[in-house]
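So you can see what is in the structure, the chains are spelled out below.
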Amino acid sequence: MNSLYLLVYMVGSVISYGTMDKNNEDYDVGTREKNFEELYKEGRQHYLDNNFQDCVKYIEAALSDYKDYTSLVNHCKSDCKKQKNTEYVVKTIKEYLHYEGLIRETLCLMKCKRGKLHPNRKEEIEDPDLVQDFQSRKTYDFLQLCYYQTKNNQSAANAAYTNLMFNQDHEIMRENLNYYLALPGVNSSNLVNLEEQEFVAPYLAGRTYYTEKNWSKLVESMELAVKLYLQEEDLLPLFYHYLQFAYFKVEDYSSAADCAVTYLELRPDNVDMQNNINYYRFFFALLSNDKQW
């Protein structure tokens with residue numbers, strides 16, 4: 001059988017993945033037909049329409065869906081990395097090995113997500129720039145205003161605080177937070193960073209147990225903190241991806257090349273980044289730069 005046909009066959013054999021598995025209910029994302037992009041767009045429209053109750057409802061749902069979907073994807077990626085010892089179909093044609101690896105990873109992710117997502121849910125994101133609102137915490141900018149308009153002042157303060165923790169130069173948000181803190185019923189000691197990473201709480205608890213010399217609780221807390229931290233580690237290469245692209249755009253080519261090398265150490269099979277490094281080598285060679293890579 002032709003090797004290329006085998007690769008196509010591998011895709012075709014599992015392409016029908018849209019049915020719900022009633023036994024897989026680990027993620028709330030499986031109950032939602034609308035994805036975080038659709039929910040967020042509706043929430044913003046309700047904000048523009050001065051329908052603040054529904055603004056809160058939809059943006060809260062969008063944030064919850066984004067977190068659950070991201071958690072699901074990271075969980076699946078982690079599981080798929082553990083299955084890399086599978087025998088390859090194509091062995092003799094080296095140029096196909098990379099593509100077979102990508103196909104295997106894609107199919108593994110599809111299989112892992114099967115049954116955990118609503119069958120009518122769209123996974124495609126129409127506006128990739130909108131995802132930046134979740135990453136930059138702009139979502140909480142809308143949410144804090146909608147909370148305030150619905151007289152939920154402590155939640156407004158928490159949303160403003162969450163945005164400010166990521167955007168510490170946002171002076172208007174700082175003023176908003178100070179305004180909320182002066183309102184009756186709002187307590188600064190109750191402020192919560194709604195985007196605090198899960199590993200932080202058990203880590204801080206572990207430090208307390210260390211001071212108290214409660215060694216058994218320290219072990220329990222730190223083991224949980226490490227486990228939760230490692231679950232987030234799949235995001236690390238993305239930081240270097242964005243950094244190398246941004247450095248390139250501001251013409252800091254040396255830093256861009258450094259980030260590309262670091263990225264490739266974390267994800268050595270990424271062909272696009274390998275091509276980037278080849279470009280930087282060629283670029284530095286043209287400039288007669290003797291920096292070694």
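Look above for the structure.
Residues numbered from 1 in each chain as written. Predicted model: local features only at pLDDT ≥ 70, side-chain atom pairs only at ≥ 80, totals over all residues. Heavy atoms only, no water.

How should the packing of helix α6 (residues 139-149) against helix α7 (residues 153-166) be read in this particular structure?
Any two packed helices are characterised by the angle at which their axes cross and by the distance between the axes. Closest axis-to-axis distance for the α6/α7 pair is 8 Å, and the angle between their directions is 165°. The orientation of α6 relative to α7 falls into the category roughly antiparallel. Classified by chirality, the crossing of α7 by α6 is left-handed. In contact with Tyr140, Asp141, Leu143, Gln144, Tyr147 and Tyr148 of α6, α7 contributes Asn153, Ser155, Ala156, Ala159, Ala160, Thr162 and Asn163. Among the residues forming the contact of α6 with α7, the class breakdown is 7 nonpolar, 5 polar and 1 charged. (Axes fitted to C-alpha atoms, helices over the stretch in contact; angles between N-to-C directions. Helix = DSSP H or I, 4+ residues; strand = E, 2+ residues; numbered from the N terminus. Parallel < 35°, antiparallel > 145°, perpendicular 65-115°, else oblique. Left-handed = near helix turned anticlockwise from the far one by under 90°. Contact = heavy atoms within 4.5 Å. Nonpolar A, V, L, I, M, F, W, Y, C, P; charged D, E, K, R; others polar.)

How do you make sense of the state of the cysteines when you look at a structure like this?
Note on terminology: disulfide describes a covalent bond linking the sulfur atoms of two cysteines. According to the stated counting rule, one finds 3 disulfides in the structure shown. The disulfide partner of Cys55 is Cys146, and the gap between their sulfur atoms is 2.0 Å. Between Cys55 and Cys146 the sulfur-sulfur dihedral comes to about 80°; the bridge is accordingly right-handed. Remark: Cys146 occurs in helix α6 and Cys55 occurs in helix α3 (residues 52-81); sequence separation between them is 91 residues. A residue is classified by how much of its surface remains accessible, and Cys55, at 0% relative accessible area, is buried. Paired by a disulfide, Cys76 and Cys112 hold their sulfur atoms 2.1 Å apart. Where Cys76 bonds to Cys112 through sulfur, the torsion about that S-S bond is close to -80°, and the disulfide is left-handed. In this pair, Cys76 is assigned in helix α3 and Cys112 in helix α4 (residues 94-113), connecting sequence segments 36 residues apart. Each bonded cysteine in the protein gets a number by its place in the sequence, and the pairs come out as 1-6, 2-5, 3-4. (Disulfide = S-S within 2.5 Å. Buried < 20%, exposed > 50% of the residue type's maximum accessible area, 1.4 Å probe, protein only.)

Just to check I follow, could you spell out the nonpolar core for this structure?
Generally speaking, nonpolar side chains in soluble globular proteins are found buried as a group. Core analysis: the largest hydrophobic core is formed by 38 residues, its most contacted members being Tyr40, Ile59, Phe134 and Leu143. Counting residues per element, the ones that place at least two in this core are α2 (36-48), α3, α4, α5 (128-135), α6, α7 and α8 (171-181). The dominant element in this core, judged by the number of residues it contributes, is α3, at 13 residues. Setting aside residues no more than four positions away along its own chain, Ile59 makes contact with Tyr40, Gly43, Arg44, Thr139, Phe142 and Leu143. Judged by nonpolar contacts, the second largest core, of 10 residues, contains Ala257, Ile277, Phe283 and Phe284. (Core = buried A, V, L, I, M, F, W, Y, C linked by side-chain atoms within 4.5 Å.)

Quick question: what am I supposed to make of the packing of aromatic side chains here?
Aromatic ring pairs: the centre-centre distance and the angle between the two ring planes describe each pair. According to the stated counting rule, one finds 16 aromatic pairs in the structure shown. Taking the centre distance of 5.2 Å and the plane angle of 75° together, the rings of Phe36 and Phe134 count as edge-to-face. Of this pair, Phe36 sits in helix α2 while Phe134 sits in helix α5; the two residues are 98 residues apart in sequence, bridging distant segments of the chain. Across the pair, Phe134 and Phe36 agree in class, each one buried. A ring pair is formed by Tyr148 and Tyr179, whose centres lie 5.8 Å apart and whose planes are at 75°; its orientation type is edge-to-face. One end of the pair, Tyr148, is in helix α6; the other, Tyr179, is in helix α8, with 31 residues separating them in the sequence. On the basis of relative accessible area, Tyr148 is assigned to the partly exposed category, the value being 29%. Ring pairing ties together the aromatic residues Phe36, Tyr40, Tyr47, Phe52, Tyr66, Tyr69, Phe134 and Phe142, which thus form one cluster. (Phe/Tyr/Trp six-rings, centres within 6.5 Å; stacked < 30°, edge-to-face > 60°.)

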